Amino acid sequence: MKAGTRPDRPWDEEAFRILADGIRDGDSYAAIGRRLGKSEKAVRGKVFTVYLTENADKVRELMGDGKWGNGAPVPTVKQGIVLSRHEATTKRNLAALAFVLKQRAISLGWDPYWQRKMCQHWDDMEGCTAGGENCDICVDFKRMEPQFCSRCGRDFFERKQNRFCQECREARKRQAQRRWARMNDAR
Ligand SMILES: [Zn+2]
């Protein structure tokens, strides 16, 4: 412990109250940190994680007269990635990933299986064949492999193996029907 600092204390309710009041009073992060027995960097990190900015004026404005966390913005996916890097030393990788995925899920309207369209394990009748409860916490996601259409040369995504893409399969069917009709007319 450095001289002049208090022992490190947890981020409990009291600590957040001191932090909120300090910012409201216009105190520097260094001064707030000394009060909490934490480094300026730790205080800045905490502020950024919640308010997505270290600018105390902006934080003061967002927080208003409310408690710590009041008025905090909802992070976007991109910000979620930055935040999870920011906390990389304290969070397990999976927790960080879940956070980012959750932001993604929110932006897509809370669909619990929001990755199903690209996942090899999804079955339209049976649901998730890997037995996952949702895509947020899933570690079995398997991206569908692109397949190559031998007729039009495009890449396409389908769970079942196919020589031709959906459009080409339909086109071939129509061709066959026309051929059949011509042959029957000619008779
Ligand atoms: Zn094709």
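Preceding this section is the structure that the text describes.
Values in this document were obtained by computation on a predicted structure and should not be read as measured data.

With respect to the helices and strands, the residue Ala-72 is situated in the loop between helix 4 (56-63) and helix 5 (77-86). Beyond its immediate chain neighbours, meaning those up to four positions away, Ala-72 contacts Val-50, Tyr-51 and Leu-62.

Take the environment of Ala-15 next. Tracing the sequence through the fold places Ala-15 in helix 1 (residues 13-24). Taking C-alpha positions, Ala-15 is 9.1 Å from Arg-35, a pair spaced 20 residues apart along the chain. Apart from residues lying up to four places away in sequence, Ala-15 is in contact with Arg-9, Pro-10 and Leu-36.

Counting residues in hydrophobic clusters, the biggest one holds twelve residues: Leu-19, Ala-20, Ile-23, Tyr-29, Ile-32, Leu-36, Val-43, Val-47, Val-50, Tyr-51, Val-59 and Trp-68. If you list the elements that add at least two residues to this core, you get helix 1, helix 2 (29-36) and helix 3 (40-51). The biggest single contributor to this core is helix 3, with four residues. When neighbours within four sequence positions are excluded, Ile-32 is seen to be in contact with Ile-18, Leu-19, Gly-22, Asp-27 and Val-43.

Here we take up helix 3. Helix length check: helix 3, at twelve residues, gives a terminal C-alpha distance of 16 Å against a target of 16 Å (1.5 Å per residue), a fit within 8%. Summarising the contacts, the buried residues of helix 3 are in contact with helix 1, helix 2 and helix 4. At the C-terminal side of helix 3, Leu-52 shows a positive phi close to 60°.

Below, the discussion takes up the packing of helix 1 against helix 2. Look at helix 1 against helix 2: their axes get within 10 Å of each other, and the N-to-C directions meet at 155°. The angle between helix 1 and helix 2 falls in the class roughly antiparallel. Handedness of the helix 1/helix 2 crossing: right-handed. Residues Ala-15, Ile-18, Leu-19 and Gly-22 of helix 1 pack against Ala-31, Ile-32, Arg-35 and Leu-36 of helix 2. Partitioning the contact of helix 1 with helix 2 into residue classes produces six nonpolar, one polar and one charged.

Right, let's get into the environment of Met-118. Relative to the assigned elements, Met-118 resides in the loop between helix 6 (93-107) and strand 1 (122-123). Through-space distance from the C-alpha of Met-118 to that of Phe-157 is 8.1 Å; in sequence the pair is 39 residues apart. Residues in contact with Met-118, not counting those within four places in the same chain, are Arg-143 and Met-144.

Another point: unusual backbone geometry. Even without being a glycine, Leu-52 presents a positive backbone phi close to 60°. Residue placement: Leu-52 occurs in the loop between helix 3 and helix 4.

Turning to the packing of helix 1 against helix 4, a few remarks are in order. Where helix 1 contacts helix 4, the two axes come as close as 9 Å, and the packing angle between them is 110°. The angle between helix 1 and helix 4 places the two elements in the roughly perpendicular class. In the packing of helix 1 onto helix 4, the handedness of the crossing is left-handed. For the pair helix 1 and helix 4, contact is made by Ala-20, Ile-23 and Arg-24 and by Ala-56, Val-59, Arg-60 and Met-63, respectively. Of the residues contributing to the contact of helix 1 with helix 4, the split by class is five nonpolar, no polar and two charged.

Conventions adopted
- Residues numbered from 1 in each chain as written.
- Predicted model: local features only at pLDDT ≥ 70, side-chain atom pairs only at ≥ 80, totals over all residues.
- Helix = DSSP H or I, 4+ residues; strand = E, 2+ residues; numbered from the N terminus.
- Contact = placed C-beta atoms within 7 Å.
- Core = buried A, V, L, I, M, F, W, Y, C linked by C-beta atoms within 7 Å.
- Buried ≥ 20, exposed ≤ 12 C-beta atoms within 10 Å, placed from the backbone.
- Expected span 1.5 Å × (residues − 1).
- Axes fitted to C-alpha atoms, helices over the stretch in contact; angles between N-to-C directions.
- Parallel < 35°, antiparallel > 145°, perpendicular 65-115°, else oblique.
- Left-handed = near helix turned anticlockwise from the far one by under 90°.
- Nonpolar A, V, L, I, M, F, W, Y, C, P; charged D, E, K, R; others polar.

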